[in-house]
Amino acid sequence: MLKHLRLILTVATLAWASAGGAADGNVEAGKYTTTQLAVAGAVENRLLLTVDDLKALPSREMGSLPIVCQSGATTSTIQSLKGVLLRDVLEKAVLVLKDHNDAKKMAVIATASDGYKVVFSWSEIFNSPLAEGILVFYERDGRPLDEAEGRIALISAKDTRTGPRHVKWLSGVEVRKIVD
Ligand SMILES: Nc1nc2c(c(=O)[nH]1)N[C@H]1C(S)=C(S)[C@@H](COP(=O)(O)O)O[C@H]1N2
Ligand SMILES: [Mo]
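Residues numbered from 1 in each chain as written. Chains lettered and ligands numbered in written order. Predicted model: local features only at pLDDT ≥ 70, side-chain atom pairs only at ≥ 80, totals over all residues. Heavy atoms only, no water.

Position of Glu-149 among the secondary structure elements: in the loop between strand S10 (143-144) and strand S11 (153-156). The class for Glu-149 is buried, based on a relative accessible area of 5%. Within the structure, Glu-149 has its side chain in polar contact with the side chain of His-166 (distance 2.8 Å). For Glu-149, the contacting residues outside a window of four places in its chain are Phe-137, Arg-140, His-166, Lys-168 and Trp-169. (Helix = DSSP H or I, 4+ residues; strand = E, 2+ residues; numbered from the N terminus. Buried < 20%, exposed > 50% of the residue type's maximum accessible area, 1.4 Å probe, protein only. Polar contact = N/O pair within 3.5 Å; in protein donor to acceptor, adjacent residues only side chain to side chain. Contact = heavy atoms within 4.5 Å.)

Put into structure tokens, the structure is as follows:
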């Protein structure tokens, strides 16, 4: 009986692996697609926002933007973008700030469904020239984001190199006080 179970499990595992279930670097279309953005951590209101929810917030548009990798290579170019400022999303969630100086100790972690993560500081999002370029976006070149990065993504358009904080398949934003 146990032998049979083992055999069945082995066969099932092999079938799963050959069907592409294993992490073989082969990105199937739509595998990472995100349709909701979770806002959590040190916030008064946890949020789960759909594209329609994001569209209900004040929208921002941006023009042509080259995506430049950390290495310096330009990997692609975005013609136009539409979305909402990360600041406006966080203002809807309301950060938990108990002490006057808490804001300066906050980090905001943006996570994608493939495990990619980037970090922002409160100061960048709320008190710097970068702020106006930190966009949660849902439209590119006049269309909804496709499975290569959508349906929800994020970019920090005013970064020196725009690739690293171009978060495809954005799934979560977490606010965390990282120092006492
Ligand atoms: N979710 C997710 N986003 C990501 C990455 C990733 O691996 N996963 N790679 C980043 C890197 S290193 C770069 S250079 C840009 C490339 O963006 P592009 O494919 O639109 O040119 O995406 C960034 N965003
Ligand atoms: Mo990159």
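That covers the picture; the talk isn't over yet.
With that out of the way, let us pick up the site of ligand 1. The local shell around ligand 1 consists of Ile-67, Cys-69, Thr-75, Ser-76, Ala-112, Asp-114, Tyr-116, Gly-163, His-166, Lys-168 and Trp-169. Here a nitrogen atom of ligand 1 sits 2.4 Å away from a polar atom, N or O, in the main chain of His-166. Within the side chain of Lys-168, one N or O atom sits 2.8 Å away from an oxygen atom of ligand 1. For ligand 1, the accessible surface in isolation is 540 Å², of which the surrounding protein chains cover 77%. Applying the majority rule of atoms within 2 Å of the grid points places ligand 1 in the largest pocket. Here the shell around ligand 1 is built from residues that sort into five nonpolar, four polar and two charged. (Near = heavy atom within 4 Å. Areas by Shrake-Rupley, 256 points an atom, 1.4 Å probe, with all protein chains shown as cover. 1 Å grid on protein atoms, 1.4 Å probe; cavity = no way out; pocket = protein on both sides within 12 Å on 5 of 7 lines; lining within 4 Å. Sits in = over half its atoms within 2 Å of the grid points. Nonpolar A, V, L, I, M, F, W, Y, C, P; charged D, E, K, R; others polar.)

Time to look at unusual backbone geometry. The residue after Gly-150, namely Arg-151, is reached through a cis peptide bond having omega 5°. Secondary-structure assignment places Arg-151 in the loop between S10 and S11. The backbone phi angle of Asp-141 is positive, close to 50°, even though this residue is not glycine. Counting through the fold element by element, Asp-141 comes out in the loop between strand S9 (134-140) and S10.

With that settled, consider the environment of Thr-111. With respect to the secondary-structure elements, Thr-111 resides in strand S7 (residues 106-112). Between the C-alpha atoms of Thr-111 and Val-173, which are 62 residues apart in sequence, the distance is 6.3 Å. The contacts of Thr-111, once residues within four sequence positions are left out, are Tyr-116, Lys-117, Trp-169, Leu-170, Ser-171 and Gly-172.

Judged by nonpolar contacts, the single largest core of 34 residues is most densely connected at Val-39, Leu-86, Leu-90 and Val-136. Contacts of Leu-90, omitting those with residues within four sequence positions, involve Val-39, Leu-95, Val-108, Ile-125, Phe-126, Val-173 and Val-175. (Core = buried A, V, L, I, M, F, W, Y, C linked by side-chain atoms within 4.5 Å.)

This part covers the confidence of the model for the chain. Confidence along the chain averages 89 in pLDDT terms, with 84% of residues attaining 70 or more. Taken as a whole, residues 7-26 scores under 50 in pLDDT and shows five contacts with residues more than four places along the chain or in a different chain. (pLDDT = per-residue confidence, 0-100.)

This part takes up the pairing of strand S2 (residues 47-50). Burial along S2 is one-sided: the face carrying Leu-47 and Leu-49 is buried and the face carrying Leu-48 and Thr-50 is not. As paired strands, strand S1 (residues 36-41) and S2 are joined by four bridges and run antiparallel to one another. For Leu-37, the partnering residue across the bridge sits in S2 and is Leu-49. If you look at the hairpin formed by S1 and S2, you'll find five residues sitting between the two strands. (Pairing = 2+ DSSP bridges.)

Applying the stated criterion across every chain, the model contains seven salt bridges. Taking the shortest distance from any N to any O, the salt bridge between Arg-140 and Glu-149 comes out at 2.6 Å. One salt bridge connects Asp-159 with Arg-165, and the closest N-O pair in it is separated by 2.8 Å. Asp-159 sits in the buried class, given a relative accessible area of 14%. Among the charged side chains, a salt-bridge network with shared partners connects Arg-60, Arg-87 and Glu-132. (Salt bridge = Lys/Arg side-chain N within 4 Å of Asp/Glu carboxyl O.)

By volume, the largest pocket is sized at about 440 Å³. Every residue lining the largest pocket is counted, 20 residues in all, and those nearest its centre are Arg-140, Ala-148, Glu-149, His-166 and Lys-168. Residue composition of the lining of the largest pocket, by class: eight nonpolar, five polar and seven charged. (Points joined across faces, edges and corners; volume = space filled by probe spheres on them.)

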